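# Reading the structure
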Amino acid sequence: MTTTSIGTSTNDSLTSAVMDSPMGELTIVASDAGLRAILWPSERDGRVTFDEHVEPGTHPVIDRTIAQLGEYIAGDRHDFDLPLDLVGTDFQKDVWAGLARIPFGETQSYGELADELDKPGAARAVGAATGRNPISIVVPCHRLVGASGKLTGFAGGIDSKRWLLTHEAGEASLF
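The rules behind each value
- Residues numbered from 1 in each chain as written.
- Predicted model: local features only at pLDDT ≥ 70, side-chain atom pairs only at ≥ 80, totals over all residues.
- Heavy atoms only, no water.
- Core = buried A, V, L, I, M, F, W, Y, C linked by side-chain atoms within 4.5 Å.
- Buried < 20%, exposed > 50% of the residue type's maximum accessible area, 1.4 Å probe, protein only.
- Helix = DSSP H or I, 4+ residues; strand = E, 2+ residues; numbered from the N terminus.
- Contact = heavy atoms within 4.5 Å.
- Axes fitted to C-alpha atoms, helices over the stretch in contact; angles between N-to-C directions.
- Parallel < 35°, antiparallel > 145°, perpendicular 65-115°, else oblique.
- Nonpolar A, V, L, I, M, F, W, Y, C, P; charged D, E, K, R; others polar.
- Phe/Tyr/Trp six-rings, centres within 6.5 Å; stacked < 30°, edge-to-face > 60°.

Let us now look at the nonpolar core. Ranked by internal contacts, the top residues of the largest apolar core, which has 37 residues, are Leu35, Leu99, Ile137 and Val138. A per-element tally of this core places helix H1 (residues 60-74) first, with 4 residues. Once you skip the residues sitting within four places of it in the chain, Leu35 turns out to touch Ile28, Val29, Ala30, Val61, Thr65, Leu82, Pro83, Leu84, Asp85, Ile135 and Val138.

Right, here's the structure in full:
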């Protein structure tokens, strides 16, 4: 399970860096409180927004994130141990905490997560909150699937979602 120590950012700025991955270049964004975002190459405008200014640079949280993502991609890490600085509504944060509890290599449906959160019938709301998850992979929204098991929407695209799930099943190859 991902360790989530959630901070409250008081920064006037955020730091970002780019890392290569099998799914393309990922932009890692951190505050002094923790990891704020992992953004996809084809990031949709407005999916993740920042009130603070984002500057390219180096940051210890970014360094740890890049190292742990590299270990995950190499198959040497199943869980992440990073401070997180999640910014969202209380409901979104509840959904994201639920995502973090889905074990490596397993999937859950949106409806199952809604039930787990004592919000039966809120599968669409869970889907909307999941779509706003700023910390893909570390907060594993790729592990949510449709009720039939079908792969559904994903900020990084269905090919990236498929790669992550097959990687966790021990079957992935590079794109």
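This part takes up the packing of helix H2 (residues 90-100) against helix H4 (residues 123-131). The N-to-C vectors of H2 and H4 enclose an angle of 85°; their axes lie 9 Å apart at closest approach. Between H2 and H4, the angle falls in the class roughly perpendicular. Judged by residue contacts, Phe91, Gln92, Val95, Trp96 and Leu99 of H2 engage Ala125, Val126, Ala129 and Thr130 from H4. Along the lines of polarity and charge, the residues of the contact of H2 with H4 split into 7 nonpolar, 2 polar and no charged.

Within the element layout of this structure, Gly121 appears in the loop between helix H3 (110-116) and H4. Relative accessible area serves as the criterion here: at 81%, Gly121 is assigned to the exposed category. Separated by 11 residues in sequence, Gly121 and Tyr110 have C-alpha atoms that sit 9.7 Å apart.

The next point concerns the packing of aromatic side chains. Geometrically, a pair of aromatic rings is defined through the distance of the ring centres and the angle of the planes. As enumerated under the stated definition, the model contains 3 aromatic pairs in all. Measuring from centroid to centroid gives 5.3 Å for Trp40 and Phe154, while their planes differ by 65°, and the two rings are edge-to-face. One end of the pair, Trp40, is in the loop between strand S4 (35-39) and strand S5 (53-56); the other, Phe154, is in the loop between strand S8 (144-145) and helix H5 (158-168), with 114 residues separating them in the sequence. For the pair shown, Trp40 and Phe154 are each scored as buried. For the ring pair Tyr72 and Phe80, a centre distance of 5.5 Å and an interplane angle of 40° mean the geometry is tilted. Relative accessible area serves as the criterion here: at 1%, Tyr72 is assigned to the buried category. Grouped by ring-pair contacts, the aromatic residues Tyr72, Phe80 and Phe104 constitute a single cluster.

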